[in-house]
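One letter stands for each residue in the lines below.
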Amino acid sequence: MSVVLRNAQRSVPVRRAPLRRAVCALRAALGASRFDVGLVCAGNALMQRLNGAYRQRPEPTDVLSFPFHQVAAGELPRPRCRGEYNLGDIFLGVEYIHQQCRDAGEDFEGVLVVTAAHGLCHLLGYRHDTKPAWEQMYRKEAQILEELNRLTGSRLRPLTAGLF
């Protein structure tokens, strides 16, 4: 199935092909290659609107995930028909991420991929609102990023370090 990537902002240049390839590899590492994923690169204004509407936090953020299925962490959806082979949509706040990377001196492209991995985990039911849930999500992110690192020679680490 496909990863559909849409760049809905103009503030920050995004290398779409490498990002799409990374998300495909991460999706495969999760065992979810047969599911579609929507990926939207968004600016601060859109992220602020979405964050306000869905999380009651009217401020820009790095990532928002909107799962198509409600599943327990680590479970794959069980679609009943072809139209249900969809994990959901991930909105990457690329303008926000870019500013954070500039402030911290981090590699934007790498952080974008790690943030997408975080969003994918959310689509599959992983959360970080309690310490045990955070630990479970951190382990899954580390696992799929290790697989990506093995394939690409990169050295990416999970986003959730220090979120709980």
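Residues numbered from 1 in each chain as written. Predicted model: local features only at pLDDT ≥ 70, side-chain atom pairs only at ≥ 80, totals over all residues. Heavy atoms only, no water.

With an unreviewed UniProt entry as reference, the protein chain is termed Ribonuclease isoform X1, source organism Lepidothrix coronata. Quoted verbatim from the Cofactor (unreviewed entry) field of the UniProt record, the comment on the protein chain reads "Zn(2+)". On record in UniProt, under Sequence similarities (unreviewed entry), the comment for the protein chain is "Belongs to the endoribonuclease YbeY family." (UniProt positions renumbered as here; feature names shortened; annotations may be inferred.)

(A) Looking closely at unusual backbone geometry. Positive phi is not limited to glycine here, since glutamine 56 has a value of about 55°. One can find glutamine 56 in the loop between α2 (44–55) and β3 (63–67). On the accessibility criterion, glutamine 56 (58% relative accessible area) is exposed. (Helix = DSSP H or I, 4+ residues; strand = E, 2+ residues; numbered from the N terminus. Buried < 20%, exposed > 50% of the residue type's maximum accessible area, 1.4 Å probe, protein only.)

(B) A look at the packing of aromatic side chains. Tallied over the entire structure, the rule returns four aromatic pairs. Between tyrosine 54 and phenylalanine 66, the aromatic rings sit 4.9 Å apart at their centres with planes inclined by 70°, giving edge-to-face as the arrangement. Of this pair, tyrosine 54 sits in helix α2 while phenylalanine 66 sits in strand β3; the two residues are twelve residues apart in sequence, bridging distant segments of the chain. Residue phenylalanine 66 is classed as partly exposed on the basis of its relative accessible area of 24%. Of the aromatic side chains, those joined through ring pairs into one cluster are Tyr54, Phe66 and Phe91. (Phe/Tyr/Trp six-rings, centres within 6.5 Å; stacked < 30°, edge-to-face > 60°.)

(C) Representation of the pattern of salt bridges within the structure. The tally for this structure, following the rule as stated, stands at three salt bridges. Salt-bridge contacts for arginine 80 lead to glutamate 84; the nearest nitrogen and oxygen are separated by 3.3 Å. Overall, arginine 80 belongs to the exposed group, its relative accessible area being 73%. We note a salt bridge from arginine 150 to glutamate 147, for which the minimum N-O separation is 2.6 Å. Of this pair, arginine 150 and glutamate 147 both sit in helix α5 (residues 131–152), three residues apart, which is roughly one turn of that helix. Accessibility expressed as a relative area gives 58% for arginine 150, which makes it exposed. Classification of glutamate 147 as partly exposed rests on a relative accessible area of 27%. (Salt bridge = Lys/Arg side-chain N within 4 Å of Asp/Glu carboxyl O.)

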